[in-house]
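Below are the chains, spelled out letter by letter.
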Amino acid sequence: MVLKMDSKNILITGSGSGLGRAMAIRLAKEGHNIILNGRTESKLVETKELLAKFNVQVLIKVGDVSDSNFVNSMISETVNELNLLHVVINNAGISGIPGPIIDISEREMQKIMDINFKGAWLVSKYAAKVMRKQRKLKPLNGKIINVSSIAGKEPMPFVGIYSCSKAALISLTQVLAKELAPKITANAICPGYHITPIYKDDPDLIRKYWNSIEMKPLLKRVGTAEDVTGLISFLVSDDSNYMTGEIINIDGGVVLK
Ligand SMILES: NC(=O)c1ccc[n+]([C@@H]2O[C@H](COP(=O)([O-])OP(=O)(O)OC[C@H]3O[C@@H](n4cnc5c(N)ncnc54)[C@H](OP(=O)(O)O)[C@@H]3O)[C@@H](O)[C@H]2O)c1
């Protein structure tokens, strides 16, 4: 394996579409090796094809982040194949079926929490155990980046469990930052409304949604998946090495209103 001077091995969960795929393209373009993950192999193969021109190593790990056996194997296989794991980006997530929180079934609640919260915790847990042993890396042994949401900061009606799961992810980020310092950092991003399959790739549906809950971006446009990639690139880079426990909005000014 050829590792360029500042090339990192980066696991991005949920990278078969949307924000995760856009992050994979940006980071591969910058020369990083990418580990793609998701439950649907065909989507990961499509992402891999989009990365082919960047001449970096790309691994595919098909599986569910809420399954601890899978996550444990995904991390150990990655280290066996690439030797080091520099960064994990916990991006896999689902919004669930919209509806009043008192009408959500227990099963639906559990599914959202399992993927959005437990999945990020499992990946962080197994990744941090590996990162701690990577003592030759300086000054940091590794980085964890969580993809929360403005819904984790501002309670969002009718996607209530999603909101709760994303708030839990903010707390997870801060606990990880405290417990894993000084050698591993943990930060989170909070995107706003971005055109991706989570909103059926439909800007009108997003606008309808934000009108209904009176949360409009100051920048007066729907975000794209690419809009988050500059921030991700910064968080992956050594320029952010002195940041940990930060929860950063990237939402066109939705939360500020
Ligand atoms: N788009 C937005 O406006 C927005 C705003 C704030 C936060 N976010 C967050 O950004 C992240 C990415 O969302 P997106 O908008 O890019 O939607 P997306 O295109 O639906 O991406 C989510 C990805 O996660 C994967 N995934 C779902 N469950 C999984 C599991 N159990 N294990 C592994 N992978 C799984 C999906 O692929 P498979 O179904 O094939 O597994 C999919 O590729 C999510 O965490 C979302 O909550 C999005």
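The structure under discussion appears in the preceding block.
All values reported here derive from a predicted model rather than from experimental measurement. (Residues numbered from 1 in each chain as written. Predicted model: local features only at pLDDT ≥ 70, side-chain atom pairs only at ≥ 80, totals over all residues.)

S.K.: Got a minute to help me understand the site of the ligand in this structure?
M.R.: Residues in close proximity to the ligand total 30 residues, the closest being Gly14, Gly18, Arg39, Thr40 and Gly93. For the shell around the ligand, the secondary-structure elements that each account for two or more residues are helix 1 (18–29), strand 2 (33–38) and helix 4 (106–133). Ranked by residue count, the leading element in the shell around the ligand is helix 1, at three residues. Of the residues contributing to the shell around the ligand, the split by class is eleven nonpolar, 16 polar and three charged. (Near = placed C-beta within 6 Å. Helix = DSSP H or I, 4+ residues; strand = E, 2+ residues; numbered from the N terminus. Nonpolar A, V, L, I, M, F, W, Y, C, P; charged D, E, K, R; others polar.)

S.K.: What is the right way to read helix 7 (residues 229–236) from this model?
M.R.: Within an α-helix, residues lying three or four positions from one another point in the same direction, as the helix has 3.6 residues per turn. Of the positions making up helix 7, those classed as buried are Thr229, Ile232, Leu235 and Val236. Considered in projection along helix 7, the buried side chains sweep an arc of 120° and stay on one side of the axis. (Buried ≥ 20, exposed ≤ 12 C-beta atoms within 10 Å, placed from the backbone. Arc of directions from axis to C-beta.)

S.K.: Is there a simple way to think about helix 3 (residues 68–82) in this case?
M.R.: Over its 15 residues, helix 3 extends 21 Å from the first C-alpha to the last, a length consistent with the 21 Å expected when each residue adds 1.5 Å. Among the residues of helix 3, those classed as buried are Val71, Met74, Ile75 and Thr78. Around the axis of helix 3, the buried residues are gathered within 90° of arc, so they sit on the same side. Exposed and oriented more than 90 degrees from the buried face of helix 3 are Asn69 and Asn80. Buried-residue contacts for helix 3 involve strand 1 (9–12), strand 2, strand 3 (58–62) and helix 4. Where helix 3 terminates, the next one or two residues include asparagine 83, which has phi positive at roughly 80°. (Expected span 1.5 Å × (residues − 1). Contact = placed C-beta atoms within 7 Å.)

S.K.: Just checking my understanding: could you explain the packing of helix 4 against helix 5 (residues 160–180) for this structure?
M.R.: Helix-helix packing is characterised by the crossing angle of the two axes and by the distance between the axes. Interhelical geometry of helix 4 versus helix 5 gives an angle of 15° and a closest axis separation of 9 Å. Classified by the interaxial angle, the pair formed by helix 4 and helix 5 is roughly parallel. The two elements helix 4 and helix 5 meet at a crossing, and its hand is right-handed. For the pair formed by helix 4 and helix 5, the contact residues are Met109, Ile112, Met113, Asn116, Phe117, Ala120, Trp121, Ser124 and Ala128 on the first element and Ile161, Tyr162, Ser165, Lys166, Ala168, Leu169, Leu172, Leu176 and Leu180 on the second. (Axes fitted to C-alpha atoms, helices over the stretch in contact; angles between N-to-C directions. Parallel < 35°, antiparallel > 145°, perpendicular 65-115°, else oblique. Left-handed = near helix turned anticlockwise from the far one by under 90°.)

S.K.: I'm lost on the pairing of strand 5 (residues 142–147) in this one. Help?
M.R.: Among the six residues of strand 5, six are classified as buried, and the element is accordingly described as predominantly covered. In this sheet, strand 5 lies alongside strand 4 (residues 87–90) in parallel orientation, the contact comprising four bridges. The residue of strand 5 that forms the bridge with isoleucine 89 is isoleucine 145. Read as a crossover between parallel neighbours, the route from strand 4 over helix 4 to strand 5 is right-handed. Two strands pair when backbone bridges link them, and strand 5 and strand 6 (residues 184–191) are joined in this way by six bridges, in the parallel orientation. Counted as the bridge partner of isoleucine 145 is asparagine 187 from strand 6. Between the parallel pair strand 5 and strand 6, the chain is carried across by helix 5, and the sense of this crossover is right-handed. (Pairing = 2+ DSSP bridges. Right-handed = clockwise from strand over helix to strand, strands pointing away.)

S.K.: Explain the nonpolar core here, please?
M.R.: Nonpolar side chains tend to gather and get buried jointly when the protein is soluble and globular. In this structure, Ile10, Ala24, Ile34, Ile89 and Ala127 are the most contacted members of the largest nonpolar core, which totals 65 residues. Considering every element that reaches this core, the biggest residue donor is helix 4, with eleven residues. Filtering out sequence-adjacent residues up to four positions away, isoleucine 10 remains in contact with Leu27, His32, Asn33, Ile34, Ile35, His86, Val87, Ile89 and Val236. (Core = buried A, V, L, I, M, F, W, Y, C linked by C-beta atoms within 7 Å.)

S.K.: Teacher, can you tell me more about the sheet that holds strand 6 here?
M.R.: One open sheet accounts for seven strands, arranged 3-2-1-4-5-6-7; its pairing is parallel. If you trace the sheet from one side to the other, it starts and ends with strand 3 and strand 7 (247–250), each paired once. If you compare each strand with its neighbour and ignore which way they point, the axes differ by 20° on average. The sheet contacts of helix 3 involve strand 1, strand 2 and strand 3, and relative to strand 3 the element is tilted by about 160°.

S.K.: Help me understand the environment of alanine 127, please; the structure alone is not making it clear to me.
M.R.: Note on placement: alanine 127 falls in helix 4. Take alanine 127: there are 25 C-beta atoms within 10 Å of it, and that puts it in the buried class. Between the C-alpha atom of alanine 127 and that of serine 76, which follows or precedes it by 51 residues, the distance is 8.7 Å. Leaving out residues up to four positions away in the same chain, alanine 127 has contacts with Ile75, Leu85, Val88, Gly142 and Ile144.

By themselves these figures say nothing about function.
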